[in-house]
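Next come the chains, spelled out residue by residue.
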Amino acid sequence: AGNTSGGSLSLASGAGNTSGGAVTLDGGVGTTALGGSIAITSGVGTDTSSGSVSVSTSNAGTSGVSGDLSLSTGTASVGTSGSVSIGSGSSASGSGGNFAISVGSGDGSGGTFSVVAGDSSGSNTGGAASVIAGSSSSSGGGSLSLA
């Protein structure tokens, strides 16, 4: 109580002459029930804005490539595998948050962007893919451009 700012938490691995140390966050194993979850959440700003969450890889050194960033769920032997959901927030009195996906440019080829719906190996149909512009109850809907 009485502090202006909350305390900070920094989690880092060590540097090395060849490779830096890794940082791994693992939820616990559940033998007969669910495995442990991992949650990363920014702080609430009671009277102002909430904190940000940033996930990125570092730039490459003088030779080499920057690291990959992978976000995926596990597979399932029986039942449905996990879903990936990424979205921006809604606003009660302002604009909804933006969501942007971009791929890199280069001296060689530019990066590739693809959206692929899942296949079905059984008698069911494959997954659907859709891109839908937003609607408005009092004005024109959003536009959709493909070039």
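Fair warning: this is a prediction, and the values are worked out from it, not measured in the lab.

A. Seen up close, the overall build of the protein. Counting secondary structure elements, the protein contains 0 helices and 0 strands. The C-alpha atoms of the protein give a radius of gyration of 21 Å, which is well past the 15 Å a tight globule of 147 residues would have. A principal-axis box enclosing the C-alpha atoms of the protein has dimensions of 50 × 50 × 45 Å. Across the 147 residues in the protein, those meeting the buried criterion constitute 1%. Here the analysis covers contacts within the protein between residues at least 6 apart in sequence; of these, 0% occur between residues at least 24 apart. For the protein, the accessible area works out to roughly 13600 Å², and carbon and sulfur atoms hold 47% of it.

Cut-offs and rules
- As a convention, each chain's residues are numbered from 1 in the sequence order in which they are written.
- Since the coordinates come from a predicted model, pLDDT governs what is reported: local features require at least 70, and pairs of side-chain atoms require 80 or more to be given and counted, while whole-chain, interface and lining totals use all residues.
- Note that the side-chain values use all heavy atoms of the structure and ignore hydrogens as well as water.
- Strands here mean DSSP runs of E at least two residues long; helices mean DSSP runs of H or I at least four residues long; both are numbered from the N terminus.
- Atoms counted for the radius of gyration: C-alpha only. Globule rule: 2.2 Å times the number of residues to the power 0.38.
- Relative accessibility thresholds used throughout: buried, under 20% of the residue-type maximum; exposed, over 50%; partly exposed, between the two (1.4 Å probe, protein chains only).
- The contact definition used throughout considers only heavy atoms, calling two residues in contact when any of these lie within 4.5 Å.
- Each accessible area value is a Shrake-Rupley result obtained with a 1.4 Å probe; residue values ignore everything except the protein chains displayed when judging cover.

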